[in-house]
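# Chain and residue survey
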Amino acid sequence: MASIFLIPVLLAVTQAACIGECAAARDESSHDDPEVMFLHMNMTTEEQTPEMFLMAAVRSLVAKLGPAANRINLSDLEAVLSQDALSHVPATEEAVLSQDAASQVPATSEVWARLTNTSVQIVNSLLTDTQADQAAIETRRSGLEQCESMPVEDTALTADVERKSNIATGIEQRKLSARRGTITYNFGTSIPNAETESTAQQDQVGRRMQQYIVILSDLSTAQGELSATQSALEQANAGLVLLKDKCRCTRKAAFDEELQEVFARVEHRKSEEHVAKILRCLGERPTLAEKVACTNTTSSSSHLPTINNTDVQLPAGTSCVNAGAATSQAAP
């Protein structure tokens with residue numbers, strides 16, 4: 001397949017055609033792509049034809065597309081531009097041979113139409129990627145919000161503390177009732193009656209004292225169990241608070257990191273979107289001069305959706321320093 005880069009005879013013939021087109025492109029508004037701007041500044045009739053410049057500019061622009069560059073068939077573009085240049089060459093033997101080879105090149109209109117369609121596909125892909133980034137941010141945001149559903153109180157131990165507190169309170173009431181009392185006695189009319197009554201009352205007091213001692217022992221045991229359970233509850237709750245703070249801090253860091261990465265990708269997409277617009281212009285403009293002018297287009301406002309980057313603030317009192325010591329457990 002003939003290539004304009006391999007046919008020296010084209011240079012002399014196409015230099016005159018380049019003069020007006022190159023000068024017009026050079027006089028357009030400055031380009032914001034430094035490489036393409038450099039090509040414009042150095043596009044001399046001695047070194048480049050419009051076709052050569054356009055191919056170099058397209059290669060520079062496509063290189064900025066990243067993976068999307070695979071959608072562009074540079075070989076077809078080069079072949080079409082070579083074929084266009086050949087159309088200006090007189091029917092010398094070399095040119096005829098070149099034109100015969102170029103007859104196998106895809107139709108010019110098809111190549112430029114494919115470029116237009118591809119540029120639209122690239123923009124649609126950028127739109128889809130931006131929407132996916134927004135979804136990723138919302139997923140991170142949702143994950144951070146889920147931390148708020150994590151408990152900060154051990155419900156089982158809380159119930160156990162309440163149960164044991166009720167037990168201790170009940171025993172305390174029994175103690176208060178048993179601590180004081182009255183004894184009704186009747187010594188009768190004789191010494192034996194008095195001695196018998198005294199013995200009976202002493203036995204009664206002794207029994208009551210033993211009952212009271214048992215109550216005091218039960219109360220001490222109940223209060224000890226209550227105190228131990230309360231300590232366990234405090235430790236458990238402190239651990240839950242740490243886990244919740246760890247969830248908040250870890251997911252907030254992930255949210256912030258995701259946000260920064262998305263911003264970087266969005267900025268790159270704006271550059272890709274601008275390149276896609278230029279490629280679409282190349283595909284749609286009919287003349288070579290107009291296509292050259294397309295490469296001189298400055299960036300316009302992006303039509304990609306704006307990322308909702310509303311920040312998420314951690315609740316007051318969240319400690320990301322202490323949270324680092326919390327044991328790792330799965331968050332909801």
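Here we summarise the structure given alongside this text. (Residues numbered from 1 in each chain as written. Predicted model: local features only at pLDDT ≥ 70, side-chain atom pairs only at ≥ 80, totals over all residues. Heavy atoms only, no water.)

### Observations regarding the overall build of the protein
- In terms of helices and strands, the protein carries nine helices and zero strands.
- Counted from the first residue to the last, the protein has its helices and strands arranged as α-α-α-α-α-α-α-α-α.
- Across the 332 residues of the protein, 35% fall into the buried class.
- Within the protein, residue pairs in contact and separated by at least 24 positions form 82% of the contacts whose partners lie at least 6 positions apart.
- Carbon and sulfur atoms form 54% of the exposed surface of the protein, whose accessible area is close to 18800 Å². (Helix = DSSP H or I, 4+ residues; strand = E, 2+ residues; numbered from the N terminus. Buried < 20%, exposed > 50% of the residue type's maximum accessible area, 1.4 Å probe, protein only. Contact = heavy atoms within 4.5 Å. Areas by Shrake-Rupley, 256 points an atom, 1.4 Å probe, with all protein chains shown as cover.)

### Looking at the environment of aspartate 76
- Residue placement: aspartate 76 occurs in helix H4 (residues 74-86).
- Put simply, aspartate 76 and tryptophan 112 are 36 residues apart on the chain and 9.4 Å apart in space, counted from C-alpha to C-alpha.

### Things to note about the state of the cysteines
- Summed over all chains, the structure comprises three disulfides.
- Here cysteine 147 engages in a disulfide with cysteine 247; their sulfurs sit 1.9 Å apart. Between cysteine 147 and cysteine 247 the disulfide shows an S-S torsion of about -75°. By sign, it is left-handed. Here the residue cysteine 147 occupies a position in the loop between helix H6 (108-146) and helix H7 (155-179), and cysteine 247 occupies one in helix H8 (residues 191-284), the gap between them amounting to 100 residues.
- On the basis of relative accessibility, which here comes to 0%, the residue cysteine 147 falls in the buried class.
- In this model, cysteine 281 is linked to cysteine 294 through a disulfide, with the two sulfur atoms separated by 1.9 Å. (Disulfide = S-S within 2.5 Å.)

### Some thoughts on the packing of helix H3 (residues 50-62) against H8
- Contact geometry of H3 with H8 gives a least axis separation of 10 Å together with a crossing angle of 150°. The orientation of H3 relative to H8 falls into the category roughly antiparallel. Handedness of the crossing formed by H3 with H8: left-handed. Facing H3, whose interface residues are Leu54, Val58, Leu61 and Val62, H8 presents Val275, Ile278, Leu279 and Leu282.
- Here the contact of H3 with H8 is composed, by residue class, of eight nonpolar, no polar and no charged. (Axes fitted to C-alpha atoms, helices over the stretch in contact; angles between N-to-C directions. Parallel < 35°, antiparallel > 145°, perpendicular 65-115°, else oblique. Left-handed = near helix turned anticlockwise from the far one by under 90°. Nonpolar A, V, L, I, M, F, W, Y, C, P; charged D, E, K, R; others polar.)

### Description of the nonpolar core
- Counting 29 residues, the largest nonpolar core has Val62, Leu65, Ile72, Leu77, Leu279 and Leu282 as its most contacted members.
- When residues of this core are traced back to their parent elements, those giving at least two are H3, H4, H6, H8 and helix H9 (288-294).
- By residue number, the principal contributor to this core is H3, which donates seven residues. (Core = buried A, V, L, I, M, F, W, Y, C linked by side-chain atoms within 4.5 Å.)

### Quick notes on the layout of surface pockets
- The calculated volume of the largest pocket comes to roughly 260 Å³.
- Contributing to the lining of the largest pocket are 13 residues, with Ala178, Arg179, Arg180, Arg208 and Met209 lying nearest its centre.
- Elements supplying a minimum of two residues to the lining of the largest pocket: H7 and H8.
- Counting residues per element, the lining of the largest pocket draws most heavily on H8, which supplies six residues.
- Each residue belonging to the lining of the largest pocket can be placed in one class, and the counts come to six nonpolar, four polar and three charged. (1 Å grid on protein atoms, 1.4 Å probe; cavity = no way out; pocket = protein on both sides within 12 Å on 5 of 7 lines; lining within 4 Å. Points joined across faces, edges and corners; volume = space filled by probe spheres on them.)

### Points about a nonpolar patch on the surface
- Side chains of Ile183, Tyr185, Phe187 and Val205 sit close together on the surface and give an oily, nonpolar patch of about 360 Å² of accessible area.
- Checked against the element boundaries, tyrosine 185 lands in the loop between H7 and H8. (Patch = residues over 30% accessible without salt bridge, like charges linked within 9 Å, V, L, I, M, F, W, Y side chains within 5 Å. Salt bridge = Lys/Arg side-chain N within 4 Å of Asp/Glu carboxyl O.)

### With respect to H3
- In this model H3 runs 18 Å from its N-terminal to its C-terminal C-alpha over 13 residues, within 8% of the 18 Å that 1.5 Å per residue would give.
- Most of H3 is tucked away, with 11 of its 13 residues classed as buried.
- All of the buried residues along H3 are Pro50, Glu51, Met52, Phe53, Leu54, Met55, Ala57, Val58, Ser60, Leu61 and Val62. (Expected span 1.5 Å × (residues − 1).)

### What to know about the environment of lysine 246
- Note on placement: lysine 246 falls in helix H8.
- Lysine 246 sits in the partly exposed class, given a relative accessible area of 23%.
- Along the backbone, lysine 246 and threonine 318 are 72 residues apart, and their C-alpha atoms lie at a distance of 8.9 Å.

### A closer look at the side chain of threonine 229
- Positionally, threonine 229 belongs in helix H8.
- The residues touching threonine 229, leaving out its near neighbours within four places in the chain, are Leu157, Asp160, Val161 and Lys164.

### Let's talk about the packing of H7 against H8
- Direction vectors running N to C along H7 and H8 enclose 155°, while the axes themselves pass 9 Å from each other. Taken together, the axes of H7 and H8 are roughly antiparallel relative to one another. The chirality of how H7 crosses H8 is left-handed.

### Observations regarding the pattern of salt bridges
- All chains considered together, the criterion is met by 13 salt bridges.
- A salt bridge links glutamate 284 to arginine 280; its shortest N-O distance comes to 2.8 Å. Residue glutamate 284 and its partner arginine 280 are located together in helix H8, separated by four residues, close to a single helical turn.
- Given the relative accessible area of 40%, arginine 280 is considered partly exposed.

### Focus: the side chain of threonine 130
- Within the secondary structure layout, threonine 130 lies in helix H6.
- Among the residues examined, threonine 130 registers a relative accessible area of 2% and is labelled buried.
- Not counting the four nearest positions on each side in its chain, threonine 130 is found in contact with Arg269, Leu304, Pro305 and Ile307.

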